[in-house]
Amino acid sequence: MLDHTKSYIDDLPRAPERRLIAAEHLSEADFKAPEPYIVRGLVEDWPLVKAGHDSSEAIRSYLLNFYNQKPVMVSRGPSENEGRIFYKDDMSLNVKIQKAGLREVFAQIAASETDDDQACLYVAATAIDAFFPGLQADNPIHLGGHQAYGRIWMGTRTRVAPHNDSQSNLACVVAGRRRFIIFPPDAFRNLYLGPSDNTPAGRTISMVDVLNPDFEAHPKFRKALDVAIVADLEPGDALYMPPLWWHHVDGLSPFNILINYWWRHGAAPFGLPEPALDHAILAFRELPEAERAHWRDMLDYYVFNPTPDATAHIPEGKRGALDKMTAQRARSLRAKLLRYFQR
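Residues numbered from 1 in each chain as written. Predicted model: local features only at pLDDT ≥ 70, side-chain atom pairs only at ≥ 80, totals over all residues. Heavy atoms only, no water.

Chemist: For this particular structure, what's the right way to read the overall build of the protein chain?
Modeler: Of regular secondary structure, the protein chain possesses 10 helices and 14 strands. What you see for the protein chain is a C-alpha radius of gyration of 22 Å, in line with the 20 Å of a compact globule of 343 residues. Based on the C-alpha atoms only, the size of the protein chain along its principal axes is roughly 70 × 50 × 40 Å. Relative to its 343 residues, the protein chain shows a buried fraction of 42%. (Helix = DSSP H or I, 4+ residues; strand = E, 2+ residues; numbered from the N terminus. Rg over C-alpha atoms; globule rule 2.2 N^0.38 Å. Buried < 20%, exposed > 50% of the residue type's maximum accessible area, 1.4 Å probe, protein only.)

Chemist: When you look at the side chain of arginine 60 in this model, what are you seeing that I'm missing?
Modeler: Residue placement: arginine 60 occurs in helix 3 (residues 56-64). Those residues in contact with arginine 60 that sit more than four places away from it in its chain are Phe106, Ile109, Ala110, Glu113 and Phe255. (Contact = heavy atoms within 4.5 Å.)

Chemist: What is the right way to look at the packing of helix 2 (residues 47-54) against helix 3 in this model?
Modeler: Each pair of packed helices can be summarised by the angle the axes make with each other and by the distance between the axes. Where helix 2 contacts helix 3, the axes come no closer than 6 Å and their chain directions differ by 145 degrees. For the pair helix 2 and helix 3, contact is made by Pro47, Leu48, Ala51, Gly52 and Asp54 and by Ala58, Ile59, Tyr62 and Leu63, respectively. Residues of the contact of helix 2 with helix 3, tallied by class, amount to 7 nonpolar, 1 polar and 1 charged. (Axes fitted to C-alpha atoms, helices over the stretch in contact; angles between N-to-C directions. Nonpolar A, V, L, I, M, F, W, Y, C, P; charged D, E, K, R; others polar.)

Chemist: Would you explain the sheet that holds strand 11 (residues 229-233) in this entry?
Modeler: Strand pairing in a sheet relies on backbone hydrogen bonds. The paired strands run either parallel or antiparallel. As summarised here, the arrangement of the 5 strands in space is 4-8-13-10-11, forming an open sheet in which the pairing is mixed. Looking along the sheet, the strands with just one partner apiece sit at the ends: strand 4 (84-85) and strand 11. Bridge analysis of strand 10 (residues 178-183) against strand 13 (residues 246-251) gives 6 bridges, and the strand direction is antiparallel. Note that in strand 13 the partner of arginine 178 across the bridge is glycine 251. (Pairing = 2+ DSSP bridges.)

Chemist: What exactly am I supposed to notice about the pairing of strand 7 (residues 151-155) here?
Modeler: Across a regular strand the side chains alternate sides, sitting on one face of the sheet and then on the other. Burial analysis of strand 7 places 4 of its 5 residues in the buried class, which makes it a mostly covered element. Judged from the 4 bridges that link them, strand 6 (residues 120-127) and strand 7 form a sheet pairing that is antiparallel. Looking at the pairing, valine 123 lines up with methionine 154 of strand 7. Here strand 7 runs beside strand 14 (residues 256-263); their pairing, made up of 5 bridges, is antiparallel. Directly across from arginine 151, in strand 14, lies its bridge partner asparagine 260.

Put into structure tokens, the structure is as follows:
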């Protein structure tokens, strides 16, 4: 069995903690914190967490009382993977993703909980309201006025490579122990990111095996470790992460459950950044250097560092997509993009 507590990880600094006893005690400033932090016992009063303290069987039974029988998506991998959800040598995924009934999945997990060479069974990012109506009402949380819908992650021992989310994230451990190894947004240069169009779960992941790094193949990963922090979580604990922080996640117990919430601060964007990056790769990367430099300046001028000078010479109300974005302008711009892509 893989040792999940490598000495270099033990030497990394721990994430800061805020010891609060109820979500209502988190202020608006807490939900806009610029760095990750742990809240011990934030959801320890949830009936879901209490059921988990009783036993794995008790929490599975509790969840099945809310389950509406819709098939869930489950990732299955052999015990040789040691829980790592990753790529094979040919860059195909080392797990198979299939639909299954949750009762069947739970029965298979229950049968394997005492196995040292436990196979991987992982139900990831499942929308709670769509599959467990009433569960969120029975296990409420205060998010400082932000609207966020819970997703539940359930499975055996797992290892998920560093990835990030474009939204704020509150991850609440319900059952089992979790370890997050967290890197700041600008560490991406040292994480050896994989392809953006072939990912285990829709997010680009690091190609480094964080628990067994090959520093000859990935020497810059040492720089990533210089800025890494660790968050060890028990049932009832929660971890807040601002947008874009990279995190490796270990489910350390034979049966683990986590519920997380994503939300955005301020106005929701009218488009998603990730497809824009994909299109930028398609449109700009193979251009001659001088043309790339021009478009880099244009993006900075109109997108990343816009100033009033960029549009002051155009009459107000006639600036189109260069004006403040509205729902109507967003619809018009999306229609223009669709025409481009249909050529």
